[in-house]
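# Results of the structural survey
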Amino acid sequence: MCGIVGVASNAPVNQLLYDALLLLQHRGQDAAGIVTLLERKFFMHKAKGMVKDVFRTRNMRALPGNVGLGQVRYPTAGNAYSEEEAQPFYVNAPFGIVLVHNGNLTNAHALRAELFSTDHRHTNTESDSEVLLNVLANELERATRGVPLRTAEVFTAVKSMNKRLRGSYAVVSLISGHGLLAFRDPYGIRPLCLGRNAEGTVMVASESVALEGLGFKFERDIAPGEAVFVDLQGQVHSHQCAEAATLNPCIFEFVYLARPDSTLDGISVYQARLNLGETLAKRVVSTVPPSDIDVIIPIPESSRPSATQLAHLLGIPYREGFVKNRYVGRTFIMPGQGERKKSVRQKLNAIASEFKGRNVLLVDDSIVRGTTSREIVQMARDAGARKVYLASAAPPVRYPNVYGIDMPTKGELVAHDRTVEEIRALIGCDALIYQDVDAMKRAVMKAAPAAAGSSKFAGFEASCFDGVYVTGDIDTDAINRMNDNRPRIEETEEDASRLALPNLN
């Protein structure tokens with residue numbers, strides 16, 4: 001799960017790209033990169049770290065040009081410690097192409113072998129994004145043999161790509177001397193949208209908040225299987241490049257990943273989370289009598305809308321019981337689990353007066369590994385809570401995610417092969433309430449505008465909850481193969497993935 005952006009303008013775009021990446025920082029904190037295009041030359045700067053740390057004034061001055069793209073990285077495949085695997089990626093032929101990718105290819109292993117044996121192309125990293133770039137380069141080369149590159153050839157190349165790629169991919173690419181290309185996989189798993197400002201500058205980005213935060217007017221979401229090409233004259237061309245595209249957006253975007261002020265595929269993320277709180281209220285009432293709950297407290301931050309709606313419907317006071325320290329740096333030496341627990345307490349602190357002597361219902365957006373939940377429940381007890389109940393706005397996470405979220409192996413998922421009672425005992429709360437899978441899907445769909453309704457949705461990609469993989473190519477062997485290529489976390493270093501610590505958006 002990453003954040004990507006592309007801009008085509010008649011003025012320098014480096015500042016716009018930087019500002020857009022700041023607005024998308026919640027989608028990845030591991031690395032950041034920007035490429036700009038001036039005439040036929042690319043200018044690139046990328047490194048590990050947050051946007052504000054990666055780019056200094058000298059770096060920004062070295063990024064001239066009126067067209068560009070950028071990415072904030074959250075590693076889900078390859079080597080999380082390699083500077084080389086920070087994006088964008090570059091290949092010099094044909095034309096010169098750079099690319100940023102949000103998602104995860106499920107057939108990257110087979111494609112890498114195919115690129116070497118059949119296409120005679122070399123990949124130098126473990127990243128599936130480099131594989132995707134080389135497939136694009138190969139298909140552009142095929143489409144333009146004996147002819148110049150025109151818009152039709154760009155779309156032909158994307159059509160051929162879609163027949164080869166499996167998995168999830170939202171992509172922005174620059175083709176030297178020609179323009180900016182953006183496209184989305186045929187299932188629309190990862191988000192991508194398009195907007196324009198008053199000066200005619202075109203922007204594509206992972207979330208609408210990147211557009212609106214910079215004064216752009218949101219125009220539309222890029223459709224599943226669609227490609228959009230912005231030529232160097234600023235003309236926008238689009239074409240459906242998949243034979244049987246269907247809209248199946250990742251439901252975890254609405255549960256946790258996206259910013260609440262974004263709209264994805266016509267669905268307000270904030271409204272979806274309010275709706276999740278509404279349906280969760282019914283589950284809470286069936287498990288714990290509301291009279292036995294003194295206060296409802298969210299675990300910051302994505303759970304807040306669900307928690308406020310839950311408190312409103314149950315008529316129970318809502319309180320902020322945890323304060324997050326946004327300025328704790330990454331702890332590089334983490335010799336054991338005890339130190340990892342310590343890092344959670346450094347990032348989150350309880351307000352004792354909200355817990356002392358009370359029966360508290362904690363609300364989280366989801367529970368993945370369970371280690372953070374267990375520590376937070378203990379924090380509530382240490383602060384004086386008499387009873388600690390825990391409610392999750394999402395259902396149990398029982399299956400790995402293979403489409404660009406670093407969901408761990410089955411053995412690391414606290415809900416895999418465990419009953420709710422067994423999970424409750426592990427976490428240490430007095431009662432554990434989960435959202436229902438079908439209720440979650442209905443709640444998110446209910447946030448779609450009435451004009452659009454549910455007609456354009458084939459469903460949601462909800463594999464981590466229901467075990468159904470929409471691309472149809474996932475079995476145990478495929479999952480094991482992709483787990484082998486998950487980012488490596490050294491034993492002495494903190495697991496800093498977004499799902500290992502309290503949410504950051």
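The written sequence of each chain sets the order in which its residues are numbered from 1. pLDDT decides what is reported in this predicted model: residues at 70 or higher carry local features, side-chain atom pairs at 80 or more are listed and counted, and totals for whole chains, interfaces and linings draw on all residues regardless. Excluded from the side-chain calculation are hydrogens and water; included are all heavy atoms of the structure.

Going by this rule: UniProt positions are given in the numbering used here, feature names are shortened, and annotations may be inferred rather than shown by experiment.
An unreviewed UniProt entry annotates the protein as Amidophosphoribosyltransferase originating from Variovorax humicola. What the UniProt record of the protein gives under Sequence similarities (unreviewed entry) is the line "In the C-terminal section; belongs to the purine/pyrimidine phosphoribosyltransferase family." Its UniProt record gives the protein the following Catalytic activity (unreviewed entry) comment, quoted word for word: "5-phospho-beta-D-ribosylamine + L-glutamate + diphosphate = 5-phospho-alpha-D-ribose 1-diphosphate + L-glutamine + H2O".

## Some points on the UniProt feature "binding site: Mg(2+)" (unreviewed entry) in the protein
What counts, and what does not: Starting at the N terminus, helices and strands are each numbered in turn, a helix being any DSSP run of H or I of at least four residues and a strand any DSSP run of E of at least two. Think of a polar contact as two N or O atoms within 3.5 Å of one another; within protein, one of them needs to be a possible hydrogen donor and the other a possible acceptor, and neighboring residues in sequence only count if both atoms come from side chains.
UniProt's feature table lists "binding site: Mg(2+)" (unreviewed entry) at Ser302, Asp364 and Asp365, given in the numbering used throughout. Of the residues just listed, which span 64 residues, no C-alpha pair is farther apart than 7.7 Å, and they cluster in one region. Tracing the backbone shows Ser302 in the loop between strand 16 (295–298) and helix 10 (304–314). From its side chain, Ser302 meets the backbone oxygen of Tyr256 in a polar contact 3.4 Å long. The residue Asp365 is located in the loop between strand 19 (359–364) and helix 12 (371–382) in this model. At a separation of 2.8 Å, a polar atom in the side chain of Asp365 contacts the side chain of Ser366.

## A few points about the side chain of Asn102
Operational definition: Residue burial is assigned from relative accessible area. The probe radius is 1.4 Å, only protein chains are included, and a residue is buried under 20% of its type maximum, exposed over 50%, and partly exposed in between. Whether two residues touch is decided by their heavy atoms; if any such pair falls within 4.5 Å, the residues are in contact.
Looking at where Asn102 falls in the secondary structure, it is placed in strand 6 (residues 97–105). The class of Asn102 is buried, set by a relative accessible area of 0%. For Asn102, the side chain forms a polar contact with the main-chain nitrogen of Cys2, separated by 2.8 Å. Setting aside residues no more than four positions away along its own chain, Asn102 makes contact with Met1, Cys2, Ile4, Arg27, Ser168, Tyr169, Ala170, Arg190, Pro191 and Ser206.

## Side note on the packing of aromatic side chains
Two descriptors summarise a pair of aromatic rings, namely the distance from one centre to the other and the angle between the planes of the rings. In plain terms, the rule: In this scheme Phe, Tyr and Trp rings, the latter by its six-membered ring, pair at centre separations within 6.5 Å, and the angle between planes marks the pair as stacked below 30 degrees, edge-to-face above 60, and tilted otherwise.
Going through the model one piece at a time under the given rule, you end up with 9 aromatic pairs. Look at Phe254 and Phe460: their rings are 6.1 Å apart centre to centre, the planes differ by 75 degrees, and that puts the pair in the edge-to-face class. Residue Phe254 is found in helix 8 (residues 251–257), and its partner Phe460 is found in the loop between helix 14 (437–446) and helix 15 (463–466); the two are separated by 206 residues along the sequence. Of the two residues, Phe254 and Phe460, neither departs from the other in class, the shared state being buried.

## Brief notes about the packing of helix 9 (residues 269–287) against helix 10
For any two helices packed against each other, the geometry is given by the interaxial angle and the distance between the axes. Keep this limit in mind: With axes taken as lines fitted to C-alpha atoms, and helix axes fitted only over the stretch in contact, angles between N-to-C directions fall between 0 and 180 degrees. Convention used here: angles under 35 degrees read as roughly parallel, angles over 145 as roughly antiparallel, angles from 65 to 115 as roughly perpendicular, and any remaining angle as oblique. Crossing handedness is read from the near helix: turned anticlockwise from the far helix by less than a right angle, it gives a left-handed crossing, and turned clockwise, a right-handed one. Any residue that is not Ala, Val, Leu, Ile, Met, Phe, Trp, Tyr, Cys, Pro, Asp, Glu, Lys or Arg is counted as polar, Gly included; the first ten are nonpolar and the last four charged.
At a minimum axis separation of 7 Å, helix 9 and helix 10 run at an interaxial angle of 45 degrees. In terms of axis orientation, helix 9 runs oblique to helix 10. For the crossing formed where helix 9 meets helix 10, the hand is right-handed. Taking contact as the criterion, the partners of Tyr270, Arg273, Leu274, Leu276, Gly277, Glu278, Leu280, Ala281, Val284 and Val285 in helix 9 are, on helix 10, Pro305, Ser306, Thr308, Gln309, Leu310, Leu313 and Leu314. Broken down by class, the residue content of the contact of helix 9 with helix 10 amounts to 11 nonpolar, 4 polar and 2 charged.

## Describing the nonpolar core
Grouped burial of nonpolar side chains is what soluble globular proteins tend to show. Here is the rule we go by: Nonpolar cores were defined as sets of buried Ala, Val, Leu, Ile, Met, Phe, Trp, Tyr and Cys residues, with membership established by side-chain atoms within 4.5 Å.
Among the nonpolar cores identified, the biggest contains 59 residues, and Phe252, Ile267, Val284, Ile296, Leu310, Leu361 and Phe465 are the most heavily contacted of them. Contact partners of Ile296, with chain neighbours within four places excluded, come to Ala307, Leu310, Ala311, Leu314, Ile316, Pro317, Tyr318, Arg319, Leu361 and Val363. By size, the runner-up hydrophobic cluster in this structure holds 31 residues, among which are Phe89, Leu105, Leu115 and Phe155.

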